[in-house]
Amino acid sequence: MTALIYGAYGYTGERIAREAVDRGLDVILAGRNGTKTRGLAIQLGVDSRVFAVGAARSHLDGIDVVLNCAGPFVETAKPMVAACLATGTDYLDITGEIPVFETLAERDRDAEDAGVCLLPGVGFDVVPTDCLAAHLHDRLPEATHLRLGIDAPGSVSGGTLATAIGQLDTGGMVRRDGRLTSEPSGSRTRTIDFGSGPKHALGAPMGDVSTAYYTTGIENVEVYLSAPEYAEYLLRAGHYLTPLLAVPPVKNGLQALARALVSGPAEQARDRDRVSLWGEATDGERTATARLQTPETYALTVDAATTALERVEDDADITGYQTPATAFGPDYVLELDGVDGFLDE
Ligand SMILES: NC(=O)c1ccc[n+]([C@@H]2O[C@H](COP(=O)([O-])OP(=O)(O)OC[C@H]3O[C@@H](n4cnc5c(N)ncnc54)[C@H](OP(=O)(O)O)[C@@H]3O)[C@@H](O)[C@H]2O)c1
C-alpha cells in the first residue's frame with residue numbers, strides 16, 4: 001500500500017512524513033513547491049511528486065491513500081477529495097475546520113460508490129475529543145446534549161494560526177437540535193474541572209461541533225477551550241473588528257504574517273506539555289462525565305495521523321464519510337502513545 005502525504009514540507013506535514021518513514025510505511029511526499037518537496041524527500045530517502053492541489057487527479061497513479069496536511073483545508077480539501085473520488089483513493093486529512101467536515105460529510109454517498117473512505121480530522125483536532133464523545137455516548141446512549149472541553153498549554157504553528165484567522169469572521173458555533181448555529185465569539189463561558197480544579201473556559205468553534213454529531217447522533221454539541229477571563233472581553237471587543245476580516249486583503253495579509261512570524265512549538269514543548277480533555281453527556285436526568293489526558297497537540301497529531309494511515313491501509317472495509325471514532329472505535333485514542341483515560345465519573 002502506498003500513501004501520498006500532501007503538504008509534506010509544512011511544520012506538521014514534515015513531522016508526520018518523518019514518523020511515517022520511521023515506521024516503515026511506503027510513502028511518497030508531495031507538495032506544490034518543487035524545491036522543498038524534493039529536498040525533504042531526498043533527506044528521507046523516498047519518492048516525491050510536485051503538483052498544485054487543483055491538478056491532483058493526474059498525480060495519484062499507484063496511490064492507495066492520500067494524507068492531506070496542506071491547510072487551510074477550506075482551500076485544499078475539495079479539489080483533493082474530488083481527485084481521490086475520481087481515482088478510487090482513500091482520503092485523510094488533519095483539518096479541524098467545521099466547513100470542511102460538513103462538505104466531506106455531504107460526499108458520503110459518493111465515497112461509498114467509489115469504495116473509498118473520506119476521513120478528515122485525524123490530528124489532535126478531532127481524534128481525542130471524538131473518541132471521548134463516542135465513549136460518553138456508549139455510556140449514555142439516550143444523551144441529548146454533549147459538552148466537550150480542551151485545556152491545552154503552549155503555542156501553535158504559523159499554519160494553524162493562519163487557519164484560525166481564516167475562520168475568525170464566522171464567530172462562534174454550536175450545534176442546536178442537529179443544526180449548526182452561529183453565535184458571537186466570547187458569548188458562551190463555563191467553568192470546567194479538567195482534573196485539577198475549576199478553570200474558566202470559552203465556547204469555541206472546534207471541529208467536534210460538526211463531527212460529534214456524525215459520531216454520536218447527539219443533536220446539541222458545545223465545545224470549550226480553557227482561557228483566562230480577559231480572553232472573553234478581548235473576543236467580545238474583537239467582534240466589532242470581524243467585518244474587517246471578511247475583507248480578503250486584510251485576511252490574506254494577516255495569514256501571510258502568521259506564516260512568516262510564527263514557527264510552532266519547539267521539540268522540548270512537544271515532548272513536555274500535556275493536554276487535559278473533559279466531556280459531559282446528559283439526557284436531562286442522568287449525566288456521564290469523563291476525562292482524558294494526552295501528549296501535546298502536535299505530538300498527538302503526528303502519532304494519530306500516522307496511526308490512522310496504517311489503520312486505513314490495513315482495513316479496506318472503511319468506506320464512506322468517517323470520523324476517527326466511527327472508523328476506528330472510541331478506544332482508538334487509547335492506543336496512542338502517552339494517552340491516559342478514560343477517567344469516568
Ligand atoms: N487537526 C489538528 O489538530 C491539526 C494539527 C496541526 C495542524 N493542523 C492544521 O494543518 C494545517 C497545516 O499546519 P502546519 O502547521 O503544517 O502549517 P504550515 O507549516 O504553514 O504548512 C502548511 C503546508 O500546506 C501547504 N499549503 C497551504 N495552502 C496550500 C494550497 N492552497 N495548495 C497547496 N499547498 C498548500 C503549504 O505549502 P506552501 O508553503 O507552499 O504554502 C505547507 O506545505 C493547518 O491548517 C493547521 O491548522 C491541524
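Parameters at a glance
Starting from 1, residues in each chain are numbered consecutively following that chain's sequence as written. Owing to the predicted nature of the model, reporting of local features is limited to residues with pLDDT of at least 70; listing and counting of side-chain atom pairs is limited to 80 or more, with chain, interface and lining totals taken over all residues. Side-chain calculation: all heavy atoms of the structure are included, whereas hydrogens and water are not. Each residue is placed in one exposure class: buried if its accessible area under a 1.4 Å probe, protein chains only, is under 20% of its type's maximum, exposed if it is over 50%, and partly exposed if it falls in between. Note on conventions: DSSP H or I runs of at least 4 residues are helices, E runs of at least 2 residues are strands, and numbering of each starts at the N terminus. Paired strands, as defined in this entry, are two strands with at least two bridges between them according to DSSP. We call a crossover right-handed when, viewed with the strands running away from us, the connection from the first strand over the helix to the second turns clockwise. Two N or O atoms form a polar contact when they lie within 3.5 Å of each other; inside protein one atom must be a possible hydrogen donor and the other a possible acceptor, and for residues adjacent in sequence the pair counts only when both atoms belong to side chains. Whether two residues touch is decided by their heavy atoms; if any such pair falls within 4.5 Å, the residues are in contact. To obtain an axis, a line is fitted to C-alpha atoms, over the contacting stretch when the element is a helix, and the angle between two such axes runs from 0 to 180 degrees between their N-to-C directions. We define a nonpolar core as any set of buried Ala, Val, Leu, Ile, Met, Phe, Trp, Tyr and Cys residues linked to one another through side-chain atoms lying within 4.5 Å. Delimitation of the domains relies on an automatic or database domain assignment. What a helix is expected to span follows from its residue count: subtract one and scale by 1.5 Å. Aromatic pairing here means that ring centres of Phe, Tyr or Trp (its six-membered ring) are within 6.5 Å. Orientation follows from the plane angle: under 30 degrees is stacked, over 60 is edge-to-face, and everything else is tilted.

A. Structural context of the pairing of strand β1 (residues 3-6). The alternating pattern of β1 places A3 and I5 and L4 and Y6 on opposite faces, both of which are buried. With four bridges connecting them, β1 and strand β4 (residues 65-68) associate as parallel partners. Pairing of I5 across the sheet is with L67, part of β4. Here β1 pairs with strand β2 (residues 27-31) via four bridges, running parallel. Each residue of the ladder has a partner; that of L4, found in β2, is I28. The parallel pair β1 and β2, bridged by helix α1 (residues 11-22), forms a crossover whose chirality is right-handed.

B. Fine view of the side chain of R291. As for its placement among the helices and strands, R291 is situated in strand β14 (residues 287-295). On the basis of relative accessibility, which here comes to 13%, the residue R291 falls in the buried class. Within the structure, the side chain of R291 is placed 2.8 Å from the backbone oxygen of D193, a separation counted as a polar contact. Within the structure, the side chain of R291 is placed 2.7 Å from the side chain of E345, a separation counted as a polar contact.

C. Seen up close, the sheet that holds strand β5 (residues 90-93). Strand order in the open sheet made by the seven strands is β3-β2-β1-β4-β5-β6-β15, with parallel pairing throughout. Each edge of the sheet is formed by a strand with only one pairing partner; in this case those strands are β3 (47-50) and β15 (320-321). Taken strand by strand, helix α3 (residues 73-87) contacts β1, β4, β5 and β6 (117-119), and its axis lies near 165° from that of β5. Along the sheet, helix α13 (residues 297-314) contacts β1, β4, β5 and β6; its crossing angle with β4, the most-contacted strand, is approximately 165°.

D. Looking closely at the nonpolar core. Residues I5, L29, M80, Y91, L92 and L146 are the most contacted members of the largest nonpolar core, which totals 92 residues. Taken domain by domain, the makeup of this core includes at least three residues from each of domain 1 (3-123 + 299-328) and domain 2 (127-298). With sequence-adjacent residues up to four places away left out, M80 is seen in contact with Y6, F51, V53, A56, V66, N68 and Y91. Judged by nonpolar contacts, the second largest core, of five residues, contains I192, F194, Y224 and W278.

E. Focus on helix α6 (residues 127-139). Taking 1.5 Å per residue, 13 residues should reach 18 Å; α6 reaches 18 Å between its end C-alpha atoms and fits that length. Burial analysis of α6 places eleven of its 13 residues in the buried class, the great majority of the element. All of the buried residues along α6 are V127, P128, T129, D130, C131, L132, A133, A134, H135, L136 and H137.

F. View of the environment of Q322. Residue placement: Q322 occurs in the loop between β15 and α14 (324-328). Given the relative accessible area of 12%, Q322 is considered buried. Spatially, the C-alpha atoms of Q322 and D108 are 8.2 Å apart, while their sequence positions differ by 214 residues. If near-sequence neighbours (up to four positions away) are discounted, Q322 is found in contact with L118, L119, P120 and A327. Within the local environment of Q322, its side chain forms a polar contact with the side chain of T326, the two groups lying 2.8 Å apart.

G. Spatial organisation of the packing of aromatic side chains. All told, the structure shown has five aromatic pairs when counted by the stated rule. Judged by centre distance (4.7 Å) and plane angle (50°), the rings of F328 and Y332 are tilted. Y332 shares its class with F328; the two are buried. Of the aromatic side chains, those joined through ring pairs into one cluster are Y213, Y214 and Y321.

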